[in-house]
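Given next are the chains, with one letter for each unit.
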Amino acid sequence: MNTQINGNDLIALGYTEGTILGIALKINRGRNGLNRQQMIDYYAAVLANPAEYSEHPVFKKLALAMIEEAYEKPQDFIALNPNPTEFTTFGAENIEQGAIDQMNVAMKLPITVAGALMPDAHQGYGLPIGGVLAAKNAIIPYGVGVDIGCRMALSVYDITEDYYYANEHKFKSELIANSKFGAGHGFHGQYKSDHAVLQNTAFNDNPFLQKLKDKAWSQLGSSGGGNHFVEFGILEFEKDDAALNIPKGRYVALLTHSGSRGLGGIVANHYTKLAKNVCKLPDAAKNLAYFDMNSAEGQEYWIAMNLAGDYASACHEVIHTKMKKSLGATVLATVENHHNFAWKEHYNGEEVIVHRKGATPAGKGVMGIIPGSMTAPGFLVRGKGQEAAINSASHGAGRQMSRTKAINSITKNDMEAMLKDHGVTLIGAGLDEAPMAYKDINMVMAAQQELVDVVAKFTPKMVRMADDGSRED
């Protein structure tokens, strides 16, 4: 029986003479226990989808060489639309030119149907933060963002404002005990939480995701770094809200902001690289590489993105459940919304994929939370369903200073003085998250009055953030 594999065998599979064929033949010398047919099957599979084998112990070198060759090989770029669709900008006078330039490029993609820029927008990678893009049968990993499914979650308690002020020490101890921050940080052993999301079949159906399950489990219920927070504050309803069944008044509330942790970041980076390999765009648009939704890669990313979103939601649920139990509180209402995501929606009578990178869903009647900063108020809102905004609103105040500029221009004394003036207790956080680094939330809200109605105002009182300078936003 012939057990050897030669160049002709590989050429018959579709390999061509050259460097790749040479690497493939060298791999055959160390089969690691694989028989001839198994090797042939692997050679065919790697040729069909090298990215899937970029970490394989035997075929890694071959897969990476194929990916590199495909990337370096001269290819025809996908042409951008010379007559792009116009987009609507809200609060344009306070949006940096870089974000507008990025949106202009996004509108030139051949898949683009419509776009909008929210008043908290600033420059990012690919689609700007605060950018909303409706695409025809395509999904853009960097149009979703790195922290997939990042979200806000609010629990309104049956706890009075007076009780909070009389028991601040208790709230502080529970906040510290029931939250964890820092990029890469997680829980171990008996401190790990459990949730149904860990049984999601996507973990088993996709070998790439399967390798991330342990990380997801250890970080379940944690909040990461950057602008993520867990905070107590006072939520004020100026009138009864029948939909939430909450009477006019002031209530203690828990507000959290974080995303899909390491799981989402790794998924985003993996599929962005893959998208750039299969979708060649000119340099100006290369970070907007996309998958056709009918492709295997598009479906794979869609499943991974939704898993990351479900996981981000589970992290918030774990935190809010812990806090409710530790405080012995009754929850009167909960509201949750996410950004850094893509949705299948209808626009002008056709199904589109709506990317909201740092933008809040604001369809008619849809509840959302728009935070300010650690000293500025946040707002519980109800969407108006504005088509020009593609049923969206801002996801916060938005940065007016880069992290570097904030660190270099804001002093610790400045930050502490502002916290004291607003009666806010801060646990963690660096100068890059100082209130002065953000736009005026009242200005942002004024620019989107036609997008949302304000239901209640949230005033932060005790804020916890990462104190190690880590970033996951």
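What you are looking at is a predicted structure, and each value in this text was computed from that prediction instead of being measured. Per chain, the residues get numbers from 1 upward, laid out in the order the sequence is written. Reporting in this predicted model follows two pLDDT cut-offs: at least 70 for local features of residues, and 80 or more for side-chain atom pairs to be given and counted; totals over whole chains, interfaces and linings ignore these cut-offs and use all residues. Side-chain measures were taken over the full set of non-hydrogen atoms in the model, leaving aside hydrogen atoms and water.

Engineer: Tell me about the overall build of the chain, residues and numbers included.
Structural biologist: Helix numbers and strand numbers start at the N terminus; a helix is a DSSP run of H or I with at least 4 residues, a strand a run of E with at least 2. A count of helices and strands for the chain gives 16 helices and 17 strands. Radius of gyration here is computed from C-alpha atoms only, and the compact-globule reference equals 2.2 Å multiplied by the residue count raised to the power 0.38. By the compact-globule yardstick of 23 Å for 473 residues, the chain fits well, its C-alpha radius of gyration being 25 Å. When its C-alpha atoms are laid out on the principal axes, the chain stretches across 85 × 55 × 45 Å. Throughout this description, buried means an accessible area under 20% of the type-specific maximum (1.4 Å probe, protein chains only), exposed means over 50%, and partly exposed covers the range between. Taking all 473 residues of the chain together, 55% fall into the buried category. When the accessible surface of the chain is totalled, it reaches about 21000 Å², and 49% of it is carbon and sulfur. Values of accessible area rely on a 1.4 Å probe in the Shrake-Rupley scheme; residue burial ignores everything except the protein chains shown.

Engineer: Can you lay out the sheet that holds strand 1 (residues 88-89) for me, pointing to particular residues and giving the numbers?
Structural biologist: Here a strand pair is declared whenever DSSP counts at least two bridges between the two strands. Spatially, five strands are ordered 1-2-3-11-10 in an open sheet, and the strand pairing comes out mixed. Both edges of this open sheet fall to strand 1 and strand 10 (341-347), since each of them pairs with a single strand only. Summarising the sheet, strand 3 (residues 129-135) and strand 11 (residues 350-357) pair through five bridges and their orientation is antiparallel. By the bridge assignment for strand 11, Ala134 is matched with Val354. Packing against the sheet, helix 5 (residues 97-106) makes contact with strand 2 (112-122) and strand 3, and its axis sits at approximately 170 degrees to strand 2. Throughout, a residue-residue contact means that at least one pair of heavy atoms, one from each residue, lies within 4.5 Å. Convention adopted: a line fitted to C-alpha atoms gives each axis, helices being fitted over their contacting stretch, and angles between N-to-C directions are expressed from 0 to 180 degrees. Against the sheet, helix 13 (residues 296-327) makes contact with strand 10 and strand 11, and its axis sits at roughly 110 degrees relative to strand 10, the strand it touches most.

Engineer: Can you explain the state of the cysteines? Please cite residues and give values.
Structural biologist: By definition, disulfides here are pairs of cysteine sulfur atoms that lie within 2.5 Å. Per the stated rule, a full pass over the model turns up zero disulfides. Just so you know, Cys150 is unpaired, no disulfide at all, and the nearest cysteine sulfur is the one on Cys315, 11 Å from it. The class for Cys150 is buried, based on a relative accessible area of 3%.

Engineer: Could you give an account of the packing of aromatic side chains, with specific residues and numbers?
Structural biologist: The pairing test for Phe, Tyr and Trp rings, Trp by its six-membered ring, is centres within 6.5 Å, and the orientation test on the planes gives stacked under 30 degrees, edge-to-face over 60, and tilted for anything in between. Summed over all chains, the structure comprises 15 aromatic pairs. Ring centres of Tyr42 and Phe59 lie 5.1 Å apart, and the angle between their planes is 25 degrees; on these two criteria the pair is classed as stacked. Of this pair, Tyr42 sits in helix 3 (residues 36-48) while Phe59 sits in the loop between helix 3 and helix 4 (60-72), placing them 17 residues apart in sequence. The exposure class assigned to Tyr42 is partly exposed, which follows from its relative accessible area of 26%. Taking relative accessible area as the criterion, Phe59 reaches 0% and is therefore assigned buried.

Engineer: Go over the layout of surface pockets with me, naming the residues and quoting the values.
Structural biologist: In this model, the second largest pocket occupies a volume close to 490 Å³. Taken together, 18 residues form the lining of the second largest pocket, with Ala51, Ser54, Glu55, Ile67 and His270 sitting closest to its centre. Those elements that provide at least two residues to the lining of the second largest pocket are helix 4, helix 10 (207-210) and helix 12 (261-278). Using a grid of 1 Å spacing that covers the protein atoms alone, one calls a set of points a cavity when a 1.4 Å probe fits there but cannot get out, and a pocket when the set is open and has protein on both sides within 12 Å along at least five of seven lines; lining residues are those with an atom within 4 Å of a point. Grid points are joined across faces, edges and corners, and a volume is the space filled by probe spheres set on the points.

Engineer: If you had to explain the environment of Ser222 to someone new, which residues and values would you point to?
Structural biologist: Counting through the fold element by element, Ser222 comes out in the loop between helix 11 (213-219) and strand 6 (229-237). With relative accessibility at 0%, the residue Ser222 sits in the buried group. Put simply, Ser222 and Glu52 are 170 residues apart on the chain and 29 Å apart in space, counted from C-alpha to C-alpha. Excluding anything up to four places from it in sequence, Ser222 contacts Lys180, His185, Phe187, Ser258, Arg261 and Cys315. Any pair of N or O atoms that falls within 3.5 Å is considered a polar contact. Within protein, one atom must be able to donate a hydrogen and the other to accept it, and sequence-neighbouring residues count only if both atoms are side-chain atoms. There is a polar contact of 2.5 Å between the side chain of Ser222 and the backbone oxygen of Gln219. A polar contact is formed between the side chain of Ser222 and the side chain of Arg261, at a distance of 2.4 Å.

Engineer: An account of the nonpolar core is needed here, citing residue identities and associated values.
Structural biologist: Nonpolar side chains tend to gather and get buried jointly when the protein is soluble and globular. Nine residue types can take part in a nonpolar core, namely buried Ala, Val, Leu, Ile, Met, Phe, Trp, Tyr and Cys, and a core is a set of them joined through side-chain atoms within 4.5 Å. Among the nonpolar cores identified, the biggest contains 59 residues, and Ile139, Ile148, Leu209, Val267, Tyr301 and Met305 are the most heavily contacted of them. Ranked by residue count, the leading element in this core is helix 13, at ten residues. Apart from the residues within four sequence positions on either side, Val267 is in contact with Ile148, Phe208, Leu209, Leu212, Tyr301 and Ala304. One finds Ala134, Val156, Ile410 and Met465 within the second-largest nonpolar core, a separate group that totals 57 residues.

Engineer: Help me get a handle on the side chain of Ser392, residues and values and all.
Structural biologist: Here Ser392 is to be found in strand 15 (residues 392-394). A polar side-chain atom of Ser392 sits 2.9 Å from the main-chain carbonyl oxygen of Ile390.

Engineer: Before we move on, could you go through the packing of helix 12 against helix 13 and cite the residues and values that matter?
Structural biologist: Where helix 12 contacts helix 13, the axes come no closer than 10 Å and their chain directions differ by 165 degrees. Judged by the inter-axis angle, helix 12 sits roughly antiparallel to helix 13. In the crossing of helix 12 with helix 13, the sense of the turn from one axis to the other is left-handed. Facing helix 12, whose interface residues are Arg261, Leu263, Gly264, Val267, Tyr271, Leu274 and Val278, helix 13 presents Glu297, Glu300, Tyr301, Ala304, Ala308 and Tyr311. Gly is placed with the polar residues, together with every amino acid not listed as nonpolar (Ala, Val, Leu, Ile, Met, Phe, Trp, Tyr, Cys and Pro) or charged (Asp, Glu, Lys and Arg). Looking at the contact of helix 12 with helix 13 residue by residue, the classes come out as nine nonpolar, one polar and three charged. Note that the term roughly parallel is reserved for angles under 35 degrees, roughly antiparallel for angles over 145, roughly perpendicular for angles of 65 to 115, and oblique for everything else. Handedness of a crossing is defined here by the sense of rotation of the near helix relative to the far one, left-handed for an anticlockwise turn of less than a right angle and right-handed for a clockwise turn.

Engineer: Tell me about the pairing of strand 3, and name the residues and values.
Structural biologist: Of all seven residues making up strand 3, seven are buried, and the element is well covered by its neighbours. Of the strand pairs in this sheet, strand 2 and strand 3 are connected by six bridges, and their pairing is antiparallel. Bridge pairing in strand 3 links Ala114 to Ala134. Connecting strand 2 to the next strand, strand 3, in antiparallel fashion are six residues, including Gly126 with a positive phi near 75 degrees.

Engineer: An account of the packing of helix 8 (residues 168-177) against helix 13 is requested, with residue identities and associated values reported.
Structural biologist: Interhelical geometry of helix 8 versus helix 13 gives an angle of 145 degrees and a closest axis separation of 10 Å. At the point where helix 8 passes helix 13, the crossing takes the right-handed sense. On helix 13, the residues that touch Lys170, Phe171, Glu174 and Leu175 of helix 8 are Met323, Ser326 and Leu327. In the contact of helix 8 with helix 13, the residues fall into four nonpolar, one polar and two charged.

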